[in-house]
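Observations on the three-dimensional arrangement
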Number of protein chains: 2
Amino acid sequence: MPTSEQDFLSVIDRHFPNRGERVLLGRGDDCAIIAPAAARSGTAQNAASFCVSTDMFVEGVHFRRSYFAPADIGHKALAAAASDLAGMGAEPLGFALSLMLPEDISDDELDQMLAGMAELSLRLDMPLIGGDLSRGPALALDVVAFGQAGPSGRLLRRCQAKPGDSLLLVGEIGLARAGLLELECKGCCETDTWPAAIHAHLRPEPRIAEGLALAQILTPEGPAVSGLMDVSDGLARDLPRFLGPVGADLCLDGDDLHPEVAAFFSARGQDPVEAAILGGEDYALLACASPQRLPMVLAVLPQARVIGTVSAAPGVRLNSGAVLRQGFDHFAKPEDGC
Amino acid sequence: MPTSEQDFLSVIDRHFPNRGERVLLGRGDDCAIIAPAAARSGTAQNAASFCVSTDMFVEGVHFRRSYFAPADIGHKALAAAASDLAGMGAEPLGFALSLMLPEDISDDELDQMLAGMAELSLRLDMPLIGGDLSRGPALALDVVAFGQAGPSGRLLRRCQAKPGDSLLLVGEIGLARAGLLELECKGCCETDTWPAAIHAHLRPEPRIAEGLALAQILTPEGPAVSGLMDVSDGLARDLPRFLGPVGADLCLDGDDLHPEVAAFFSARGQDPVEAAILGGEDYALLACASPQRLPMVLAVLPQARVIGTVSAAPGVRLNSGAVLRQGFDHFAKPEDGC
């Protein structure tokens, strides 16, 4: 079998062309963008198209029932899929759920899992529109999220960054990774150390409002934010996907990190900044804007932090050094927590 | 855990409202119909909306690798999802694939599986637009099919039948069930008896062209076909879903069945008509039309067969008796093949 997601995608690309008259944006971004016929023939193409993303959440790969409460499982499965909509600056339309249930799941567990999912669904105004159900050897949830452009009619893509653009981050990096490592080490959720880290791993919040806001900011010269994606596999892995052919100089120190990230990795004798960049399941947003448009972005979203500058030279340099390690690949086996 | 799909759907309905301003048709039909904002505000609502359906295909539940060639697995996973589009009279837009791969799948198996899927994808003009990938304890494929209305702008729903309407069937019933029983009994695909039945089980063909054709037929009084669905869980289970509050008198004898269905079940000492109605995974289409419009439907689709009449009295009667048994529930354990 393929040993990495990249290997697998090469196999997919060999069999399936990544285009078609109805496919405005194919595989390789946070979402695909599809245009029904009426949207293709109309003038407001983006406004009548929809975007879609799928996200699998599999027991033993993405979560363990030993430390995820059932409601956490339901919440996180939907949150991860919704975060892909946030990464396009899209507004949720709804979602479909395919659920594989093992023999040993109880009525109560199922009920609480669906309640956790329903709570987020209601809050995001993202109704469940369908799905499928099967028995199976493990608990697995496949969530398909649908979205559409907000009032501006714009959906934001990857690979739009130009040399000189500022790189912006909305949300924490490394926090969910600290939570994962702590939970894997302790093997249960009854730990009261690192509460923010554990919450970030069990109950990530998709940044729908922030993504939508970023896609709506218009300057006299055009949209203020030119590119956007969600950081779900770690900045080290996702940043090159965001940049495409260009590179970046990152400027990050301990002050840019959540206090628990700095303390957690320091206590393990690891460099907190490097650990945060390795990250994984951050569900933060990464955006780029030209220096002229940056002030407007920061005025609308003051919580966005400038973490670097896009460079014509390829590769990513951290504080003038080089980022070597790659981030989180769900296809690879998880590392040991302790 | 819930013991039937119906139990499970009740749990879902308790947690998730089945409506929303963007949801033109919610859970409970072959597909949901979703309208992006531009479609909601426009006049040609159906033309700018899209329909979506998901279908899980899980090793040990829906297929076995002992008698499904890898290409059959890829083909059938996509065919089953596409059949839900056929059941709305929709035209395919594309599909997403979430794939759970076990450790023991080889590069060759994966390659052939994707080749089988790609062949059907190309033939249906239904591009792969995205998906997700995970390791997992079994091979599982979750296919999300997207479609749109054809040139007429119409998508056909269930629960539209009126007393006096003719019930029409396009495709064979019971044939795939005979194939399943034969394959489960023999445990491998190297059997040359019942070739049509085995082909129907391993390589079902979604009736996209027929569904689309049925949705386009217009008489001076309006659309000729008022309701449509795909028969995937057996006629005995799907017909009540199609009828809703009304009933039906079915007229079916051995001549209405594929010769292999009649011979296979007769050889097992079973009533072929009853076995065919129990069916499962037929991927046939069930439609209704008023007697006045029936000739036009049969002129366009001469392979459609009239199998009964809709009645005001609820319940389904077979050749003036009663249909008691229910069809195939993927949630239940499969019966023994021999």
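Starting afresh in each chain, residues are numbered from 1 along the sequence in its written order. Following the order in which they are written, the chains are lettered starting with A and the ligands numbered starting with 1. Local features in this predicted model are restricted to residues of pLDDT 70 or higher, and side-chain atom pairs are both shown and tallied only at a pLDDT of 80 or more, whereas totals for entire chains, interfaces and linings draw on every residue.

Examining the overall build of chain A
Each helix corresponds to a stretch of at least 4 residues labelled H or I by DSSP, and each strand to a stretch of at least 2 residues labelled E; elements are numbered beginning at the N terminus. Within chain A, the regular secondary structure consists of 12 helices and 14 strands. Dimensions of chain A, computed from the C-alpha atoms along their principal axes, are close to 55 × 55 × 40 Å. Taking the intrachain contacts of chain A between residues at least 6 apart in sequence as the baseline, contacts between residues at least 24 apart amount to 81%. Once C-beta atoms have been placed from the backbone, residue pairs whose C-beta atoms lie within 7 Å are recorded as contacts.

Concerning the interface of chain A and chain B
Contacts between the two partners involve 65 residues from chain A, matched on the other side by 64 residues from chain B. Counting residues per element, the side of chain A that touches chain B draws most heavily on strand 5 (residues 128-135) of chain A, which supplies 8 residues.

Things to note about the sheet that holds strand 11 (residues 247-250) of chain A
Residues and elements named next belong to chain A. In short, DSSP must find at least two bridges between two strands for them to pair. If you trace the 6 strands from one edge of the open sheet to the other, you get 10-12-7-13-11-14, paired in mixed fashion. Two strands bound the open sheet, and with one partner strand each, they are strand 10 (227-231) and strand 14 (316-318). Here the strands of the sheet are splayed against their neighbours by 25 degrees on average, with no regard to which way each runs. For strand 7 (residues 166-170) and strand 12 (residues 284-289), the ladder comprises 5 bridges, and the chain directions are antiparallel. Residue pairing for strand 12: Leu168 is matched across the bridge by Ala287. In the packing of helix 8 (residues 208-216) onto the sheet, contacts are made with strand 7, strand 10 and strand 12, and the angle to strand 12 comes to roughly 10 degrees. Angles shown run from 0 to 180 degrees and are taken between the N-to-C directions of axes, each axis being a line fitted to C-alpha atoms and, for helices, limited to the stretch in contact.

Things to note about the relation of the copies chain A and chain B
Expressed as a screw transformation, the operator carrying chain A onto chain B has a rotation angle of 180 degrees and an axial translation of 0.0 Å, and the superposed copies differ by an RMSD of 0.0 Å. Considering both components of the superposition, the chain copies are consistent with a two-fold axis. Superposing the copies works by least squares over the C-alpha atoms of residues that have pLDDT at least 70 in both of them.

A look at the environment of Ala276 of chain B
Residues and elements named next belong to chain B. With respect to the helices, strands and loops of the structure, Ala276 is situated in helix 11 (residues 272-278). Once the C-alpha coordinates of Ala276 and Arg65 are considered, the two residues, 211 residues apart in sequence, prove to be 25 Å apart. In contact with Ala276, other than residues within four places in its own chain, are Ile173, Gly174, Leu257 and Val261.

Looking at the sheet that holds strand 2 (residues 32-34) of chain B
Neighbouring strands of a sheet are bound in pairs by backbone hydrogen bonds; such pairs are parallel or else antiparallel. All names here are of chain B. With respect to topology, 6 strands assemble into an open sheet ordered 1-2-3-6-4-5, the strand pairing being mixed. Every interior strand has two partners, whereas the edge strands, strand 1 (23-25) and strand 5 (128-135), have only one. Ignoring which end each strand starts from, the neighbouring axes of this sheet average 25 degrees apart.

Observations regarding the nonpolar core
Counting 230 residues, the largest nonpolar core has Phe95 of chain A together with Phe95 of chain B as the members making the most contacts within it. In this view, Phe95 of chain A contacts Leu78, Ala81, Met126, Leu128, Ile129, Val143, Val144, Ala145 and Phe146 of chain A; residues no more than four positions away in its chain are not counted. Only buried Ala, Val, Leu, Ile, Met, Phe, Trp, Tyr and Cys residues enter a nonpolar core, and they are joined through C-beta atoms within 7 Å. Between the buried cut of 20 or more and the exposed cut of 12 or fewer other C-beta atoms within 10 Å of a residue's own C-beta lies the partly exposed class, and all C-beta atoms are placed from the backbone.

Considerations on helix 9 (residues 235-243) of chain B
Residues and elements named next belong to chain B. Summarising burial for helix 9: 7 of the 9 residues are buried, a large majority. Contacts made by the buried residues of helix 9 are with strand 10 (227-231), strand 11 (247-250), helix 11, strand 12 (284-289), strand 13 (305-311) and strand 14 (316-318). A positive backbone phi angle near 70 degrees is found at Gly244, which sits one or two residues after helix 9.

Let's talk about the pairing of strand 4 (residues 90-101) of chain A
All names here are of chain A. Among the 12 residues in strand 4, 12 count as buried, and that is most of the element. Relative to strand 6 (residues 140-149), strand 4 is paired through 10 bridges, and the arrangement is antiparallel. Looking at the pairing, Leu99 lines up with Leu141 of strand 6. Alignment of strand 4 against strand 5, held across 7 bridges, turns out to be parallel. Considered in strand 5, the bridge of Ser98 is made with Asp132.

Some points on the confidence of the model for chain A
All names here are of chain A. You can read pLDDT as the predictor saying how much it trusts each residue, on a scale of 0 to 100. Averaged over every residue, the pLDDT of chain A is 89; residues scoring 70 or more account for 91%. Across residues 327-334 the pLDDT falls below 50, and counting only partners more than four positions away or on other chains, this stretch makes 27 contacts in the model. Both confidence scores are given for the complex: pTM 0.91, ipTM 0.89.

As for the pairing of strand 5 of chain B
Consecutive side chains along a regular strand alternate between the two faces of the sheet. Of all the 8 residues making up strand 5 of chain B, 6 are buried; the element is thus mostly covered by neighbouring parts of the structure. In this region the chain leaves strand 4 (residues 90-101) of chain B, passes through helix 5 (residues 107-123) of chain B and returns to the parallel neighbour strand 5 of chain B; the handedness of that crossover is right-handed. If you view a crossover with the strands going away from you and the path from the first strand over the helix to the second runs clockwise, you call it right-handed.

Overview of the environment of Val23 of chain A
Summarising the element assignment, Val23 of chain A is placed in strand 1 (residues 23-25). Of the residues examined, Val23 of chain A has 20 C-beta atoms within 10 Å and is grouped as buried.

Focus: unusual backbone geometry
Residue and element names in this part refer to chain A. In this model, Cys159 sits at a positive phi of 60 degrees, which is unusual for a non-glycine residue. Considering the arrangement of structural elements, one finds Cys159 in the loop between strand 6 and strand 7. We classify Cys159 as partly exposed; it has 14 C-beta atoms within 10 Å. Phi is positive for Tyr283, close to 50 degrees, though the residue is something other than glycine. In this fold, Tyr283 is placed in the loop between helix 11 (272-278) and strand 12.

Observations regarding the domain arrangement of chain A
Residues and elements named next belong to chain A. Domains are outlined according to an automatic or database domain assignment. Annotation of chain A at the domain level lists domain 1 (5-149) and domain 2 (166-318). Once you take the C-alpha centre of each, domain 1 and domain 2 turn out to be 22 Å apart. Contact with domain 1, which involves 22 residues of that partner, is made by 22 residues of domain 2. Among the secondary structure elements, those contributing two or more residues to the side of domain 1 that touches domain 2 are helix 4 (70-86) and strand 4. In terms of residue count, helix 4 provides more of the side of domain 1 that touches domain 2 than any other element does, 10 residues in total. Considering only residue class, the side of domain 1 that touches domain 2 consists of 12 nonpolar, 5 polar and 5 charged. Lys, Arg, Asp and Glu make up the charged group, whereas Ala, Val, Leu, Ile, Met, Phe, Trp, Tyr, Cys and Pro make up the nonpolar group; the residues left over, Gly among them, are polar.

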